[in-house]
Amino acid sequence: MREAVERLYTVFARHRLAARIDGCPHCVTDEDEHLLRRSPLRELGEADLSRFVAKAITTWGNVDDLRHFLPRILDLALPGGGVIEIDTVAAKLDLARWWEWPMDERDAVRACFAALWRRTLDREPEERPAVLLLDTLATAFDDLAPFLDAWTARLHRWADHHPAVRQFADTAGTIVATSPTLRHPQVVVWLLTLLPHLELLFKEIEDVDLGLAEAILDTHDQLVLLRGTVSPR
């Protein structure tokens, strides 16, 4: 993930700090502005940037201002657990219409989220649930196929990716239990297309990790119920 962040710093270095970042006079103070300028970009902390992230584009600054700070914002947000949350950053990227940016900038943004996604799939659901990150990704990305394909690849190589299997079981269970029609339709269709694979996966895992195999069997049964209530598109 570090490599992807460093690429961001390099690509977005073309966006210099503006002499003045315009903001709503009732919302943004001189002290707020000072916080953005008191340290070099790489040394700015969450306390310096969190207010800007919350107000960027809507009441403080424009798209170019966001692009200047974006490398540091993502540098702070990607690890998780801090004040600046990745879902807020994704929402700001959507407002900024990042998909219209130059190709090298788009590729750098995608690389950061792809690195975060891979890292999440390699962690247990209790640490960082993939289902929540999927909702975040759906805010900024119209096409989730690259993320879902990466997950499918891990499921096919389950012996080296037990956390990805447990993330899958957790995600399927959560979606079935919480209004699946409100989820990104691409995710629901993807879950259902994996039903035949789950039967094979159960047989492969049963003699290796019974607990994981039972989770897969339960997931299979949940998705059968989901198939009965949702029409794939």
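Relevant structure appears above.
Here the structure is a predicted model, which is why all the values come from computation and not from measurement. By convention here, each chain's residues receive numbers from 1 onward along its written sequence. It should be noted that, the model being predicted, local features are given only for residues of pLDDT at least 70 and side-chain atom pairs only at 80 or more, the latter also being counted only at that level, while totals for whole chains, interfaces and linings use all residues. For the side-chain quantities, the full set of heavy atoms in the structure was used; hydrogens and water were omitted.

## Structural notes on the side chain of H197
Counting through the fold element by element, H197 comes out in helix α11 (residues 195-205). Residue class for H197 comes out buried when judged on its relative accessible area of 14%. Apart from residues no more than four positions distant in its own chain, H197 is found in contact with L155 and H156. In this description a helix means any DSSP run of H or I spanning at least four residues, a strand means any run of E spanning at least two, and both kinds are numbered starting from the N terminus. Each residue is assigned to one of three classes by its accessible area relative to the maximum for its type, calculated with a 1.4 Å probe on protein chains only: buried under 20%, partly exposed between the two thresholds, exposed over 50%. Residues are treated as being in contact if the distance between any of their heavy atoms lies within 4.5 Å.

## A word on helix α8 (residues 145-156)
With twelve residues, α8 should cover 16 Å at 1.5 Å per step; its first-to-last C-alpha distance of 16 Å lies within 8% of that length. Among all positions of α8, only F147, L148, W151, T152, R154 and L155 are buried. Looking straight down α8, one finds its buried side chains confined to an arc of 160 degrees; they lie on one side. Facing away from the buried surface of α8 by more than 90 degrees, the exposed residues are P146 and D149. Where α8 is buried, its residues contact α6 (103-121), α7 (130-140), α9 (162-177), α10 (185-193) and α11. Helices are assigned an expected span. That span is 1.5 Å times one less than the residue count. Directions from the helix axis toward the C-beta atoms define the arc.

## A few points about the packing of α6 against α7
When two helices pack together, their arrangement is captured by the angle between the axes and the distance separating the axes. Every axis in this analysis is a line fitted to C-alpha atoms, fitted for helices over the stretch in contact. Angles between the N-to-C directions lie between 0 and 180 degrees. Contact geometry of α6 with α7 gives a least axis separation of 10 Å together with a crossing angle of 165 degrees. The pairing of α6 with α7 is recorded here as roughly antiparallel in orientation. In the crossing of α6 with α7, the sense of the turn from one axis to the other is left-handed. Taking contact as the criterion, the partners of F113, L116, W117, T120 and L121 in α6 are, on α7, A130, L133, L134 and L137. Ten residues, namely Ala, Val, Leu, Ile, Met, Phe, Trp, Tyr, Cys and Pro, are considered nonpolar, four, namely Asp, Glu, Lys and Arg, are considered charged, and the remaining ones, Gly among them, are considered polar. Among the residues forming the contact of α6 with α7, the class breakdown is eight nonpolar, one polar and no charged. Any angle that is under 35 degrees is reported as roughly parallel, and any over 145 degrees as roughly antiparallel; angles of 65 to 115 degrees are reported as roughly perpendicular and all others as oblique. Here a crossing is taken to be left-handed if its near helix is turned anticlockwise relative to the far helix by less than a right angle, and right-handed if that turn runs clockwise.

## So, the packing of aromatic side chains
When two rings of Phe, Tyr or Trp (its six-membered ring) have centres within 6.5 Å they constitute a pair, described as stacked for plane angles under 30 degrees, edge-to-face for angles over 60, and tilted for the intermediate range. A full pass over the atoms with the stated rule returns eleven aromatic pairs. Here the aromatic rings of W151 and W190 are separated by 5.0 Å at their centres, their planes lie at 35 degrees, and the arrangement is tilted. Here the residue W151 occupies a position in helix α8, and W190 occupies one in helix α10, the gap between them amounting to 39 residues. Note on F168 and W190: the rings are 5.5 Å apart at their centroids and 80 degrees apart in plane angle, and the pair reads as edge-to-face. You can see F168 sitting in helix α9 and its partner W190 sitting in helix α10, a full 22 residues away along the chain. Under the relative-accessibility criterion, F168 is labelled buried at 0%. Among the aromatic residues, those joined into a ring-pair cluster are W98, F113, W117, F141, F147, W151, F168 and W190. Placement of a charge over a ring requires the Lys NZ or Arg CZ to be within 6 Å of the ring centre, with the centre-to-atom vector within 35 degrees of the ring normal. The side chain of R42 reaches across the aromatic face of Y9, ending 3.9 Å from its centre. If you follow R67 out to its NZ or CZ, it ends over the ring of W101, 4.9 Å from the centre.

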